[in-house]
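# An overview of the molecular structure
One letter stands for each residue in the lines below.
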Amino acid sequence: LSETPVPSSTARDTTRFHQWMSRGTYSNVALNKSLAYQLGYEINTETASGSRIVDQQTISDFSCFGSMEIKAGNRLLMRPAMRISKHSMFSVPLMPSFNIKFDFNEFVQLRGSYGKGFRAPGMKELFLQFADVNHNIEGNPNLKPEHSDNLQVSIAFDHKEENRVFRFEPSLFYNRISDMIGLARTGIGNNAGFRYFNLNSFESHGLNLNTEYRRPVYSVSIGYALTGNKNSF
């Protein structure tokens, strides 16, 4: 076979991405019967260069995190956690989370969780300039990071009788994302293109109902989910 370069120099490109990542954790299974913990770090560095990237760009972030598991008696289990990050381009807030499980008895369990999230724009969302016959996507160096909150609550009912198990678990969830990153159309017709932008806010909430019946040789499960979304420009 033979190769013939496309005459237009703008149609030829070699874009290089290099990413380095290191992650480590240390876990103590139990300081005692009621307390355990985990510590860790994470480092990410990404470099990109090429004609479709605005100049040569480097993004890096360093994070350390820790969590604890606290048992208060035989019924209550709590898991608080915290993540601290340093980003080369954006200011990162503290990111806490908290999980809880309470056993009313051996048949009924209540679970709840809250987590705060953060996502910085990626290399392509910030600096990509990609235009050809089929694509016209433009990065946005003025993007803001996403901030999010997540809340979940569920309760499980288990009924066990010999080798049969019946389980019913309703749950509720709520998500809110500020400055959510998406693509917006920037033109019409043949000049239509897309550019990354920040949506003021995005919310989703809903419920799940799951039922399961298990026997040694078969199981049957039925579920129902309802989700609602709301955007604010």
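Overview of the structure. Everything numeric here is computed off the predicted structure, so don't read it as measured data. (Residues numbered from 1 in each chain as written. Predicted model: local features only at pLDDT ≥ 70, side-chain atom pairs only at ≥ 80, totals over all residues. Heavy atoms only, no water.)

### Some remarks on the nonpolar core
Condition: We define a nonpolar core as any set of buried Ala, Val, Leu, Ile, Met, Phe, Trp, Tyr and Cys residues linked to one another through side-chain atoms lying within 4.5 Å. Each residue is assigned to one of three classes by its accessible area relative to the maximum for its type, calculated with a 1.4 Å probe on protein chains only: buried under 20%, partly exposed between the two thresholds, exposed over 50%. Runs of H or I in DSSP of at least four residues are treated as helices and runs of E of at least two as strands, each being numbered from the N terminus. A contact between two residues is defined here by any heavy atoms of the two lying within 4.5 Å.
In this structure, Phe118, Leu126 and Phe127 are the most contacted members of the largest nonpolar core, which totals 16 residues. When residues in this core are grouped by element, the largest group, 3 residues, is from helix H1 (residues 123-127). Sequence-distant contacts of Phe118, that is, excluding residues within four places in its chain, are made with Phe90, Ser91, Val92, Pro93, Met95, Pro145, Glu146, His147 and Ser148.

### Section: the side chain of Ser204
Residue placement: Ser204 occurs in strand S11 (residues 194-214). Sequence-distant contacts of Ser204, defined by excluding residues within four places in its chain, comprise Phe173, Tyr174, Asn175, Gly228 and Asn229.

### Structural notes on the packing of aromatic side chains
Our working rule: Stacked, tilted and edge-to-face are the three classes applied to pairs of Phe, Tyr and Trp rings, where Trp contributes its six-membered ring and a pair requires centres within 6.5 Å; stacked means planes under 30 degrees apart, edge-to-face means over 60, and tilted covers the rest. For a lysine, the NZ atom is tested; for an arginine, the CZ atom; a charge sits over a ring if that atom is within 6 Å of the ring centre and within 35 degrees of the ring normal.
One pass over the structure, following the stated rule, counts 4 aromatic pairs. Ring centres of Phe102 and Phe104 lie 5.0 Å apart, and the angle between their planes is 85°; this geometry places the pair in the edge-to-face category. Among the residues examined, Phe102 registers a relative accessible area of 26% and is labelled partly exposed. You can call Phe104 partly exposed: its relative accessible area is 38%. Ring centres 6.3 Å apart and planes at 20° place the aromatic pair Phe157 and Phe168 in the stacked group. One end of the pair, Phe157, is in strand S9 (residues 146-161); the other, Phe168, is in strand S10 (residues 164-185), and 11 residues separate them in sequence. Among the residues examined, Phe168 registers a relative accessible area of 29% and is labelled partly exposed. Positioned over the ring face of Phe17 is Lys124, at 5.4 Å from the centre of the ring.

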